[in-house]
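# Breakdown of the fold
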Amino acid sequence: MDANEKKVNMLHINRDTMVDIVTLGILGKKVGTRSSQICLSHAYGANQLENGQNTVESVANLLEGIELSQFYSMYMSAMPELNDLLGGVTVIMPGDYPELDPSYVKGATIKMDGQQAYDFVHGRMDVGDKTNVDRMLRQRAYMDGVQEILTRKLSSGDTDFINQMYDKLGDSLTTNVTRG
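Residues numbered from 1 in each chain as written. Predicted model: local features only at pLDDT ≥ 70, side-chain atom pairs only at ≥ 80, totals over all residues. Heavy atoms only, no water.

## Looking at the overall build of the protein chain
Each helix and strand in the protein chain was counted, giving five helices and six strands. Reading the protein chain from its N end, one meets helices and strands in the order β-β-α-β-α-β-β-α-α-α-β. Over its C-alpha atoms the protein chain spans a radius of gyration of 18 Å, differing by no more than 12% from the 16 Å that the globule rule assigns to 180 residues. With the principal axes as the frame, the protein chain shows a C-alpha extent of 50 × 40 × 30 Å. Residues classed as buried in the protein chain amount to 32% of the 180 residues present. In the protein chain, once contacts between residues fewer than 6 apart in sequence are set aside, the share between residues at least 24 apart is 46%. Total accessible area on the protein chain stands at roughly 10900 Å², and carbon and sulfur atoms take up 52% of it. Computed over 17 positive and 24 negative side-chain charges, the separation of the two mean positions in the protein chain equals 1 Å. (Helix = DSSP H or I, 4+ residues; strand = E, 2+ residues; numbered from the N terminus. Rg over C-alpha atoms; globule rule 2.2 N^0.38 Å. Buried < 20%, exposed > 50% of the residue type's maximum accessible area, 1.4 Å probe, protein only. Contact = heavy atoms within 4.5 Å. Areas by Shrake-Rupley, 256 points an atom, 1.4 Å probe, with all protein chains shown as cover. Lys, Arg positive; Asp, Glu negative; His and termini not counted. Charge placed at Lys NZ, Arg CZ, Asp CG, Glu CD.)

Printed below as a string of structure tokens:
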């Protein structure tokens, strides 16, 4: 987030990226780091907040020390609710995904309902070429649609929308950012 430029840029990191992640001892204390898949950093914590903080530290390690001050983490199971709170998200298909829906052909523009969004961003082993890279293409296409909606809402002055989302997602969301 660049406050001076009033721009938000998303960095999409492959879950298989190798990086130094925090490791904990038997009593839950930090004992060091080890090189592992970045997705595993989210598993080292006593609760969701610590898991998020460990992930932030791993991403900072990957970015060679760039400070990350805020994070949001959401259970994938909350995708349908998030999508519906946004009024549906329009996605331009990055590939062909007949396993999900025959209308999901490369270049098609689809406004997704909650379950469609979940299936689109979650599936890996049974969708497309069955790789995480392909899933990342779908996730990025979806997040581009989300970013367009959020930019439009916030540019129109609907700043309370973020608080409404924060409240409605409730226990599905973990963040170190306070409401408001």
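On we go.
## A look at the packing of helix H3 (residues 114-122) against helix H4 (residues 132-155)
As a packed pair, H3 and H4 sit with axes 8 Å apart at the nearest point and diverge in direction by 140°. Classified by the angle their axes make, H3 and H4 are oblique. For the pair formed by H3 and H4, the contact residues are Ala-117, Asp-119, Phe-120, Val-121 and His-122 on the first element and Arg-135, Arg-138, Gln-139 and Tyr-142 on the second. A class-by-class count of the residues in the contact of H3 with H4 yields four nonpolar, two polar and three charged. (Axes fitted to C-alpha atoms, helices over the stretch in contact; angles between N-to-C directions. Parallel < 35°, antiparallel > 145°, perpendicular 65-115°, else oblique. Nonpolar A, V, L, I, M, F, W, Y, C, P; charged D, E, K, R; others polar.)

## Observations regarding the pattern of salt bridges
The tally for this structure, following the rule as stated, stands at four salt bridges. In this structure, Arg-138 and Asp-134 form a salt bridge, with 3.5 Å as the shortest nitrogen-oxygen distance. Note that Arg-138 and Asp-134 are positioned in helix H4 at a spacing of four residues, about one turn of the helix. Note that Arg-152 and Glu-148 form a salt bridge whose closest N and O atoms lie 2.7 Å from each other. On the criterion of helical spacing, the pair formed by Arg-152 and Glu-148 is a turn pair, its members being four residues apart in helix H4. (Salt bridge = Lys/Arg side-chain N within 4 Å of Asp/Glu carboxyl O.)

## A word on the packing of H4 against helix H5 (residues 160-169)
Relative to each other, H4 and H5 sit at 130°, their axes nearing to 9 Å. Between H4 and H5, the angle falls in the class oblique. Residues Leu-150, Lys-153 and Leu-154 of H4 form the contact with H5, whose own contacting residues are Phe-161, Ile-162 and Met-165. Residues that form the contact of H4 with H5 fall into these classes: five nonpolar, no polar and one charged.

## Observations regarding the packing of aromatic side chains
Tallied over the entire structure, the rule returns two aromatic pairs. With a centroid separation of 6.0 Å and 85° between ring planes, the pair formed by Tyr-97 and Phe-120 is classed as edge-to-face. Taken together, the residues Tyr-97 in the loop between strand S4 (89-92) and strand S5 (109-112) and Phe-120 in helix H3 connect sequence positions 23 residues apart. The exposure class of Phe-120 is buried, given its relative accessible area of 0%. Considering the side-chain rings of Tyr-104 and Phe-120, the 6.0 Å spacing of their centres and the 90° angle between planes classify their relative orientation as edge-to-face. (Phe/Tyr/Trp six-rings, centres within 6.5 Å; stacked < 30°, edge-to-face > 60°.)

## As for the pairing of strand S1 (residues 18-24)
Across seven bridges, S1 lies against strand S2 (residues 30-37) in antiparallel orientation. By the bridge assignment, Leu-24 is partnered in S2 with Lys-30. Turn length for the S1-S2 hairpin, with the two strands adjacent in sequence and antiparallel, is five residues, and the turn residue Gly-28 shows positive phi of about 85°. (Pairing = 2+ DSSP bridges.)

## Details of the side chain of Ser-36
Locating Ser-36 in the fold gives a position in strand S2. According to the relative accessible area criterion, Ser-36 is buried, its value standing at 8%. Ignoring any residue separated from it by four or fewer positions in sequence, one finds Ser-36 in contact with Thr-17, Met-18, Val-19 and Ile-21.

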